[in-house]
Amino acid sequence: MPTSGTGRFTRKHWVILVLSLIPLAALPWTVDYWPGQDDPNHLALTHIVQQFNEPGSPFPDYFTVNRDLSPYKLYYFLLIFLSRFMEIDAANRVVVSTVILGLPLVMLFWLRRFAPDRQTHVFLVCLLATTLLPLIGFHAYMLSLIFGIAALAMASGKPDAEGLRQPAGWGGLLAASVLLFIGAIAHPVAPVIIGAILFFIEAPGRKLVPWLRLAVVGTPAVILLGATSLASPPNDNLAAFAPNFPGILPNIRVLLSNVIAFDRTEFLIRLPVLIALLSAGILALRGIGIRGQGRDQCLARVFVVMLVALFTLPNFPALNFLPERFAFLALLIAAMLPLPSWIARRPRALLGFTLVASLTLFFVQHRAAKSLSSEVAKVVEAGQDLPRGTKVLPLMFGSPEHGDKINPLRHAWGHLVLEKDIVTPYLFANSSGFTIAGGGWRPVTYRDPFGPDNMLYMQEGLPDTMVKYERFISESALRLMKELILETMASYDRAILVLPPEDFVEEAMESMETVRRVDKVWVLKPRGDSTPDAEPEDEP
């Protein structure tokens, strides 16, 4: 049977929590190139904003910059502010460490307010701080989620002695409104999910006061999202909104593999956490139920909603990893519920396990991150001969050895935007015709469709898809894919091929020539191209 809690949060608990979080937060600082999948792309956008008005910058020819108050901007504002005092890459590492620290701490804040007898459950959340979503590069989403959970803590009220939830005061609701508004500046999706969670906690029914309370919390964020949605340009690429229903078995895999970032060994380390949280959720549904206004009924209700969303809502190319977002939230909500008795009766074992597991995770993830960092370094080294301001087509044909969910080679070329001011079609910049654009809310916008017309149909993942599913693709379709890629390559100043098949390189050499090769990374240019390569820079 589940038990209510595992006791007060004492000085000893704080010491164990700090000792557990320090190695995890230090992880981004232990490698040369932090191997977050989306990080280099975000750094590239920030670099474009910073260098846009500099003399000789190539970026005004291809982009426009906007600094308005809209979703996604908080993360870039932070990077731009921090980069006044440090390099952009270091500023990004500060944000990554902040996300790793912020998630457990904001969950502890919610536990202290909503379930003070379960504050020690934060040690389970601590071990989720370096899983897929926090490390893949979804920093805008994670910042928004942290502010959203803080808003939930302020808005959901404290329970009385009998466990019945007491409504928060109007001061708490106003504070929640400000926090949710800041969350909306960080990302558009997390505030919507947080608002839905608050709705199912409040369960307003036909009563007017609960609806007023929800309106106080949500109205500023709704106004921001609504106004910026109406002002953003329409996305003409309907493929960005094509639904994909993964099915029950794939979504079960999502739920389980969500605790993996760089290495599958992480799953074994976090398996006890996964068992504990899923057991807490299942036992709560069986023993507590979802009806009523008690705090556990409210939490069990939200846990069910997250699971239903995980298994029923489709995924979209324009909003990728949607099932992973609900799976992650389901685990966080489960950490608020009563733990099974076999855990709750052993609080010292929980503390010891957290400390040992966090140190083990650090060594496992550091080893994998170091290997992945060396792979990213090869892409950066291969691009050192690129002329400044070159139009480059980066093509990624595979994943590194440790890449399971996170593939740091997908946007590794972003470091070359910082070093060589190159421009590519795969930036997270706004565009009406490109899937990975970002809904019109990014700080950078393409002036015109980038590259040739067929670029609109050749998405970033096509080379990887062609290799991964080659045996399932007909010979004629495979031939068409290759021709499309080769034709597009020839229309750019340079092409970067990452882990390409040998036969593809041989075909490419019929119309291209090698500029530089580093291991399995090739930089090619069209034959007859007279653009001089970059002069080697003097050693400091």
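A short tour of the structure in this document, coming up. All values reported here derive from a predicted model rather than from experimental measurement.

What counts as what
- Starting afresh in each chain, residues are numbered from 1 along the sequence in its written order.
- Where totals are concerned, whole chains, interfaces and linings use all residues; where local detail is concerned, this predicted model gives features only for residues with pLDDT of at least 70, and gives and counts side-chain atom pairs only at 80 or more.
- The side-chain quantities take in all heavy atoms of the structure and omit both hydrogens and water.
- Only runs of H or I of at least four residues qualify as helices and only runs of E of at least two qualify as strands under DSSP, and these elements are numbered from the N terminus.
- Between two residues, a contact is recorded if the distance between any of their heavy atoms is within 4.5 Å.
- For the accessible areas, the method is Shrake-Rupley and the probe is 1.4 Å, while residue cover comes only from the protein chains on display.
- The cut-offs for exposure are 20% and 50% of the maximum accessible area for each residue type, with area from a 1.4 Å probe on protein chains only; residues under the lower value are buried, those over the upper are exposed, and the others partly exposed.
- Each nonpolar core is a collection of buried residues, namely Ala, Val, Leu, Ile, Met, Phe, Trp, Tyr and Cys, held together in the definition by side-chain atoms within 4.5 Å.
- Pairing of aromatic rings covers Phe, Tyr and the six-membered ring of Trp, with a centre-to-centre limit of 6.5 Å; geometry is then stacked below 30 degrees between planes, edge-to-face above 60, and tilted otherwise.
- Pairs of strands are assigned from DSSP output, requiring at least two bridges between the strands.
- In protein, a polar contact means a hydrogen-donor-capable atom and an acceptor-capable atom, both N or O and within 3.5 Å, with residues adjacent in sequence counting only if both atoms are side-chain atoms; elsewhere, any N or O pair within 3.5 Å suffices.
- Between N-to-C directions, angles span 0 to 180 degrees; the directions come from axes that are lines fitted to C-alpha atoms, helices contributing only their stretch in contact.
- Handedness of a crossing follows from how the near helix is turned relative to the far one, being left-handed for an anticlockwise turn of less than a right angle and right-handed for a clockwise one.
- As a working rule, the residues Ala, Val, Leu, Ile, Met, Phe, Trp, Tyr, Cys and Pro are called nonpolar, Asp, Glu, Lys and Arg charged, and the rest polar, with Gly in that last group.
- A carboxyl oxygen of Asp or Glu within 4 Å of a side-chain nitrogen of Lys or Arg is what we treat as a salt bridge.
- Multiplying 1.5 Å by the helix residue count minus one yields the expected span of that helix.

1. Focus: the overall build of the protein chain
Okay, step 1: Counting its secondary structure elements, the protein chain contains 20 helices and six strands.
Okay, step 2: Considering only contacts in the protein chain between residues 6 or more positions apart, those separated by 24 or more positions represent 77%.
Okay, step 3: Surface accessibility of the protein chain: about 22,500 Å² in total, with carbon and sulfur atoms responsible for 61%.

2. Topic: unusual backbone geometry
Okay, step 1: Positive phi is not limited to glycine here, since D421 has a value of about 55 degrees.
Okay, step 2: Among the structural elements, D421 can be located in the loop between α17 (414-420) and β3 (444-446).
Okay, step 3: D421 sits in the buried class, given a relative accessible area of 11%.
Okay, step 4: In this structure, D519 takes a positive phi of about 55 degrees despite not being glycine.
Okay, step 5: With respect to the element layout, D519 can be found in the loop between β5 (512-518) and β6 (521-526).
Okay, step 6: What makes D519 partly exposed here is its relative accessible area of 42%.

3. Things to note about the nonpolar core
Okay, step 1: Ranked by internal contacts, the top residues of the largest apolar core, which has 178 residues, are W110, Y141, L332 and M489.
Okay, step 2: Setting aside chain neighbours within four positions, we find L332 in contact with L103, M107, V125, L128, L145 and I149.

4. Some words on the packing of aromatic side chains
Okay, step 1: Enumeration over the complete set of coordinates arrives at 15 aromatic pairs.
Okay, step 2: Their ring planes at 55 degrees and their centres at 6.4 Å tell us that Y62 and F63 sit as a pair that is tilted.
Okay, step 3: Among the residues examined, Y62 registers a relative accessible area of 23% and is labelled partly exposed.
Okay, step 4: Judged by its relative accessible area of 0%, F63 falls in the buried class.

5. Re the pairing of β6
Okay, step 1: Along β6, six of the six residues are buried, which leaves the element largely enclosed by surrounding structure.
Okay, step 2: Residues V521, V523 and K525 line one face of β6 and the alternating positions W522, L524 and P526 line the opposite face, and both faces are buried.
Okay, step 3: Pairing of strand β4 (residues 494-498) with β6, which is carried by four bridges, proceeds in the antiparallel orientation. By the bridge assignment, A495 is partnered in β6 with L524.
Okay, step 4: Relative to β6, β5 runs antiparallel, the two sharing six bridges. Residue pairing for β6: V518 is matched across the bridge by V521.
Okay, step 5: Hairpin geometry of β5 and β6 is characterised by an intervening segment of two residues between the two adjacent antiparallel strands and by a positive phi of about 55 degrees at D519.

6. Describing the side chain of R295
Okay, step 1: Mapped onto the elements of the fold, R295 is located in helix α13 (residues 295-312).
Okay, step 2: A polar contact of 3.0 Å, which involves the side chain of R295, links it to the side chain of D117.

7. Concerning the packing of helix α7 (residues 139-155) against helix α14 (residues 322-334)
Okay, step 1: Relative orientation of the contacting elements α7 and α14 amounts to 35 degrees, with a least axis distance of 13 Å. Where α7 crosses over α14, the handedness of that crossing is right-handed. Residues Y141, M142, L145 and I149 of α7 form the contact with α14, whose own contacting residues are R325, F328, L329 and L332.
Okay, step 2: Here the residues of the contact of α7 with α14 are counted per class, giving seven nonpolar, no polar and one charged.

8. Looking at the pattern of salt bridges
Okay, step 1: Applying the stated criterion across every chain, the model contains 15 salt bridges.
Okay, step 2: D89 is paired through a salt bridge with R93; the nearest N and O atoms lie 2.8 Å apart. Here D89 pairs with R93, and both are found in helix α4 (residues 88-114), just four residues apart, close to one helical turn.
Okay, step 3: Of the residues examined, D89 reaches a relative accessible area of 21% and is grouped as partly exposed.

9. Comments concerning helix α1 (residues 11-26)
Okay, step 1: Its 16 residues give α1 an end-to-end C-alpha distance of 23 Å, which sits within 8% of 22 Å, the value for a rise of 1.5 Å per residue.
Okay, step 2: Those residues of α1 lying buried are H13, I16, L17, S20, L21, P23, L24 and A25.

10. Let's talk about the sheet that holds β6
Okay, step 1: With mixed pairing, the four strands of this open sheet are ordered in space as β2-β4-β6-β5. Looking along the sheet, the strands with just one partner apiece sit at the ends: β2 (392-396) and β5. Between one strand axis and the next, the sheet turns through 20 degrees on average, direction left out of account.
Okay, step 2: Most of the contacts of helix α16 (residues 347-382) go to β5, to which it runs at about 135 degrees, and overall it touches β4, β5 and β6.
Okay, step 3: Packed on one face of the sheet, helix α19 (residues 475-490) meets β2, β4, β5 and β6 and runs near 150 degrees to β2.

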